[in-house]
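Report on the structure
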Amino acid sequence: MVDDDSSMRRSMERLLRNHGFTAVVFESAGALLSHGHLEDACCLVLDVNLNGESGIALRRKLASDGAKVPVVYITGNDSQANQAAAIDSGCAAYLSKPFAASELIATVERACAKSA
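What you are looking at is a predicted structure, and each value in this text was computed from that prediction instead of being measured.

1. What about unusual backbone geometry?
Looking along the chain, the bond that leaves Lys97 and enters Pro98 is cis, with omega of -5°. Tracing the chain through its elements places Pro98 in the loop between β5 (93-96) and α5 (101-115). Its identity is not glycine, yet His37 carries a phi of approximately 55°, on the positive side. Along the polypeptide, His37 turns up in the loop between α2 (29-35) and β1 (44-47). Look at Asn51: it is not a glycine, yet its phi comes out positive at around 50°. Checked against the element boundaries, Asn51 lands in the loop between β2 (49-50) and β3 (53-54). Assessed through its relative accessible area of 66%, Asn51 is described here as exposed.

Set out below in structure tokens:
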């Protein structure tokens, strides 16, 4: 999961782990890219706006590098332009903050089922 908001990262990491997922969190696109190991992920949760970076651009970079992992976008800045760009990038889902914990878990479960 990549989100530049530390409280959101901690909350989502806790939530995902409590539901049986192994969650690895990153504060930036660069941190995820440096980590690698995407082949171990069943899905990625990416914030659309990453402190001056774009989660959508990150998804496109990963896809151009051959990564096939499903992506769930989250955003606190919902707009038709963001939705269209997210869908165009090939996302598995797009959630607007605030979203219910159950909605995130169900979305991640569906995305992971697609990658299995």
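From this point on, the discussion continues.
2. Thoughts on the state of the cysteines
Evaluation of the coordinates by the stated rule reveals one disulfide. Disulfide pairing is shown between Cys42 and Cys112; the S-S distance is 1.9 Å. Of note, the bridge from Cys42 to Cys112 carries an S-S torsion of about 40° and is right-handed in sense. Taken together, the residues span a long stretch of sequence, with Cys42 in the loop between α2 and β1 and Cys112 in helix α5 at a distance of 70 residues. The partly exposed category is assigned to Cys42, whose relative accessible area is 29%. With no disulfide partner, Cys43 has as its closest neighbouring cysteine sulfur the one in Cys112, 4.0 Å distant. You can call Cys43 buried: its relative accessible area is 12%. No disulfide involves Cys91; its nearest neighbouring cysteine sulfur is the one of Cys43, lying 12 Å away.

3. A look at the environment of Lys97
By secondary structure assignment, the location of Lys97 is in the loop between β5 and α5. Its relative accessible area of 23% is what places Lys97 among the partly exposed residues. Distance in space between the C-alpha atoms of Lys97 and Gly76 is 4.7 Å, their sequence separation being 21 residues. Once residues within four sequence positions are removed from consideration, Lys97 is found in contact with Asp3, Met8, Asp47, Ile74, Thr75 and Gly76. A distance of 3.4 Å separates polar atoms of two side chains, one belonging to Lys97 and the other to Asp47.

Rules used in this analysis
Residues numbered from 1 in each chain as written. Predicted model: local features only at pLDDT ≥ 70, side-chain atom pairs only at ≥ 80, totals over all residues. Heavy atoms only, no water. Helix = DSSP H or I, 4+ residues; strand = E, 2+ residues; numbered from the N terminus. Buried < 20%, exposed > 50% of the residue type's maximum accessible area, 1.4 Å probe, protein only. Disulfide = S-S within 2.5 Å. Contact = heavy atoms within 4.5 Å. Polar contact = N/O pair within 3.5 Å; in protein donor to acceptor, adjacent residues only side chain to side chain.

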